[in-house]
Every structure is written in C-alpha cells, then in structure tokens.
Amino acid sequence: MARKGPAHMATSTATAQETIEAIKRSPAQKVKVAICDIDGVLRGKYLHKDKFLGAVSGGFGFCNVVFGWDMHDACYDACAYTGWHTGYPDAVARVDLGTRRAIPWEQDLPFFLGDFSSAEGKDVVGCPRSLLKRVLARAGSAGFAAKIGMEFEWFNFSETPKSLEAKRFTAIEPLSPGMFGYSLIRVGQNREFFTAIMDEMLAFGVPIEGLHTETGPGVFEAAILYSDALEAADRAALFKTSVKEIGARFGIMPSFMAKWNAKLPGCSGHVHQSLWDAAGTRNLFHDPADALGMSATYKSYVAGLLRALPEILPMFAPTVNSYKRLVDGYWAPTKPTWGVDNRTVAFRHIMGGAKATRMESRVPGSDVNPYLAVAATIAAGLHGVERKLALDAPPIVGSAYASPIERLPRTLLEAATRMRESALAKELFGADFVEHYTASRLWEWRQFQDAVTDWELQRYFEII
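Just so it is clear, the structure is predicted and the values come from calculations on it, not from any experiment.

*Asks:* How should the confidence of the model for the chain be read in this particular structure?
*Replies:* As a note on interpretation, predicted positions should not be read in detail where pLDDT is low. Per-residue confidence for the chain gives a mean pLDDT of 94, with 96% of residues at or over 70. A low-confidence stretch, residues 1-7 (pLDDT under 50), is modelled with 16 contacts involving residues beyond four sequence positions or located in other chains.

Given below as structure tokens:
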C-alpha cells in the first residue's frame, strides 16, 4: 500500500536519493533515529545531519547492549549474543529510508527507523525488526504479501513519572472515573488529548481509523489503519511511544501494561492479518464458495496458528504481567481456539468479503513487541500453509473458556521454557533467536521471583 502524506514519504513514492536530497535541504541540523529493542521499547538518538547523511550507506555504530539488557537497563546474565564476555561492542544500525517521517511535536524534525546487522552484514540475533523482515522475505518467496492492522487498548493516568515514584506506585489516579465505554462525555472532557492523538499521529504517518473510550477508568482504544506487515509493525511501535510523548504535554501518563489492576479488564494489542497475492490485489483468505468464506490457504494458515501458539506464546505475551490478562472471563483467550466472530477465542475469523476477510489474533496484550507479534503470527500461519495442515478443529461456538481444549501456559516461566525446548519455534525463527529471546524472558521471570510484592506484605506482614 502506498504511504501518504508529506510527513511520511515511502521509497514507493520517493527514491532513496530524493529522500537524501530532502534531508540536505531541511533547515533542521539534526535527525532523530530509533530502533526497537527486544521488549518493544524504542531506543534512539539525535544525529547531526552530516553524521546521518554519512551513515545512510554504511550504517552507524550503536552499542549492542540494547539487545543485552532489559527495559530497566539491567544486563542479562545468560545471553550468548552479547554480555561482559563480549565487551558490548557496537553493532551496525542501518537506516531504513522508507520510514522517513517528520515529528509534528518537534517542529517537523526528520525521523527514521532502522534495524541492526553485524559488521559482516548478518542480521543481529536480538533485533526484532530484522526478524520480521526475514519472515516477510519467506512469505514473499512463497508468493504472499501480508497485510496487518493492529489495535491497542491502554489506560491513561493523571500522573507523571515523578509523581508515581513519590507515591511508590500506590493510589494511582486514572484520567477519568468509572466504567464508561464509547463515552462521548469522557471524550469531551479530554478533547485536547484525543484531538492531538488523532491529528498528530496522522501527520506522523500513523493514521488512526478509530479512537474511543473503553470499559474502565481512563482507558482508550485505538485502531491503526492496516498496511503491509512491516509498515504496520513500524506504525504500532511508533504509536505506543508517540502517545506517551503527546500525553506528557497534557500531564497524562499512558500505560500499555497488559493488566494494571486485577479488578479491571486487561489491555489488548490485537493483530488483524490476511495474506494477499504478491501484487497485493487479491485476498487469498477469501473464498466465496466456502460456507464461511474461507479459502483452503486460510484454513491451513489457521491450523498453523493453532499448532504453534502454545510453543511461541512469549512472542504474544512477553512479560510476567501478560499472564495476569490471560484469565477466563476477561475478554482475553486462554486456549488455542478459533471461531467465527467470537471474542472468547484466540483466533477470530472475520467474514469481511473479498476485501476484508481476515483473522484477528486476540492473544497479544498491549505490552507486546509489535515486530515479534507480527513475525510470530505470520511465521506460524505460513507453517500451516507450507505443510498444508488441515483445520481439523471445529470453530468454537459460545464460550471458549468452557472448551475442553488444554489451556495455554499460565506463567512466563512455563511459556518461555516451552518455547526454549520447542523444535517448531527453532524451525520458525532460528535456534539462535529462540535461545536469545527465551533467555531474556527467563531473566524477566527471575526478576519477578526475587521481588517482594505488595500482595506478600498485605498477606503476611502482620498475621504470619
């Protein structure tokens, strides 16, 4: 799909040389660049315009610790790719000129995304964007183009980083009270924030199809306009960071935790997906002759998703907190199931005709790394297509929570251990990536295991 708007000029509408010339003419003397780390957090820097132009062809050095530490910059202790044993050298960050944007809230400062390779030109093991590009290259070799649309739910709070630290993350104040989904009143009470998200994200090349309040105090939901898979993941990663930057102007702190309060619904990061022909003109999921409008390719794709899900779950549920969302009766799936327009299943088939027939993966939460979620869903679906797997499981009618199908892993420890031992995961993503990623997830679990929680204090402090 062509990318539109003066703030976001794709290589489909501007050559690399035209993009370079535009940067040369820009009055700005700096350029902002960013990459995505293993947790889905954008890490970046400002580069002087001359430095950026010099890095366009050969890349620029970026310490590979960004794939060797966690979201709080604590270095992993069991990471083969990088660590104290390697001295944390630079990897080569390569700019993707097709991601050119201008940041509306930074005086239209030029902005680019990039990804990593080694000095020898090999993809860096821990780079999520590079992994997605490899999966998409496999799809392209098979004659497929993937289209993706992501949507996020997230809570908003009348807080700042300093206020939360001062209160030790207690008595957190939501932006608005009560359960009031699709509320025009709540929109009106926060109109400037809503307007800034809609208008500034569009100007930033992240078009929002819909934005509304969800059920919960201060919770919103946004659907990002679908596009080709890499662009969709770029948009999703940029959306999460940009909403936080926009919110800070209004004294609002957005949170993309999967489940911040046990008594409230969790927050999703659903992935809508379909396979098209190489030209992007025909939806290969749609078959008007089938009772459910599903092609044979689509059915095998779903079979692949069902087969792989229990073994690659950490790519959809990457944190300890993710598994607090995946509980029965809270609008999130707990079993590898599929159904027709059924919001209790893992994979929801949407009968949208020739243009919009698609699968919605309801497993990911809003804490997901978009590149890994998109890579996982496409790789698993392609596995089913390549193997011509039969969709033997009937669609779930009614509540999938009542299904006798075995439950998905209940904790990050269980899920990461299963993925680490999975031959299928290694086939889909490579043994080096699986080893690196699961090591990072097991590290995350150990940090949780060593922590003394509020629950423990409340339960044991006085009485035990």
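Back to the text.
*Asks:* What should I look at first to understand helix α2 (residues 49-58) in this one?
*Replies:* Along an α-helix, residues three or four positions apart point the same way, because every turn accommodates 3.6 residues. If you check which residues of α2 are buried, you get Lys49, Phe52, Ala55 and Val56. End-on, the buried residues of α2 take up no more than an arc of 125°, which puts them together on one face. With respect to the buried face of α2, the exposed residues turned more than 90 degrees away are Asp50, Gly54 and Ser57. Positive phi appears at Gly59, one or two residues downstream of α2, with a value of about 85°.

*Asks:* Looking at this structure, how should I read unusual backbone geometry?
*Replies:* With the exception of glycine, the majority of residues adopt a negative phi angle, and the majority of peptide bonds are in the trans configuration. One non-glycine residue, Asp73, lies in the positive phi region at around 65°. Relative to the helices and strands, Asp73 is located in the loop between β3 (60-63) and β4 (90-95). Assessed through its relative accessible area of 38%, Asp73 is described here as partly exposed. Residues other than glycine seldom take positive phi values, yet Trp331 does so here, at roughly 70°. Structurally, Trp331 can be placed in the loop between α9 (322-325) and β13 (338-340).

*Asks:* Is there a simple way to think about the layout of surface pockets in this case?
*Replies:* Using a probe with the size of a water molecule, rolled over the atoms, empty space left in the structure can be pinpointed. If you add up the space inside the second largest pocket, you get close to 880 Å³. Considering the residues around the second largest pocket, the lining is formed by 38 residues, among which Glu151, Glu221, His270, His272 and Glu360 are closest to the centre. Residue assignment for the lining of the second largest pocket shows that the elements contributing at least two residues are β7 (144-157), β8 (208-213), β9 (219-224), β12 (271-277), β14 (347-350), α10 (353-356) and β15 (358-361). Per-element tally for the lining of the second largest pocket: the top contributor is β7, with seven residues. For the lining of the second largest pocket, the class distribution of residues is 15 nonpolar, 10 polar and 13 charged.

How each quantity is defined
- Residues numbered from 1 in each chain as written.
- Predicted model: local features only at pLDDT ≥ 70, side-chain atom pairs only at ≥ 80, totals over all residues.
- Heavy atoms only, no water.
- pLDDT = per-residue confidence, 0-100.
- Contact = heavy atoms within 4.5 Å.
- Buried < 20%, exposed > 50% of the residue type's maximum accessible area, 1.4 Å probe, protein only.
- Helix = DSSP H or I, 4+ residues; strand = E, 2+ residues; numbered from the N terminus.
- Arc of directions from axis to C-beta.
- 1 Å grid on protein atoms, 1.4 Å probe; cavity = no way out; pocket = protein on both sides within 12 Å on 5 of 7 lines; lining within 4 Å.
- Points joined across faces, edges and corners; volume = space filled by probe spheres on them.
- Nonpolar A, V, L, I, M, F, W, Y, C, P; charged D, E, K, R; others polar.

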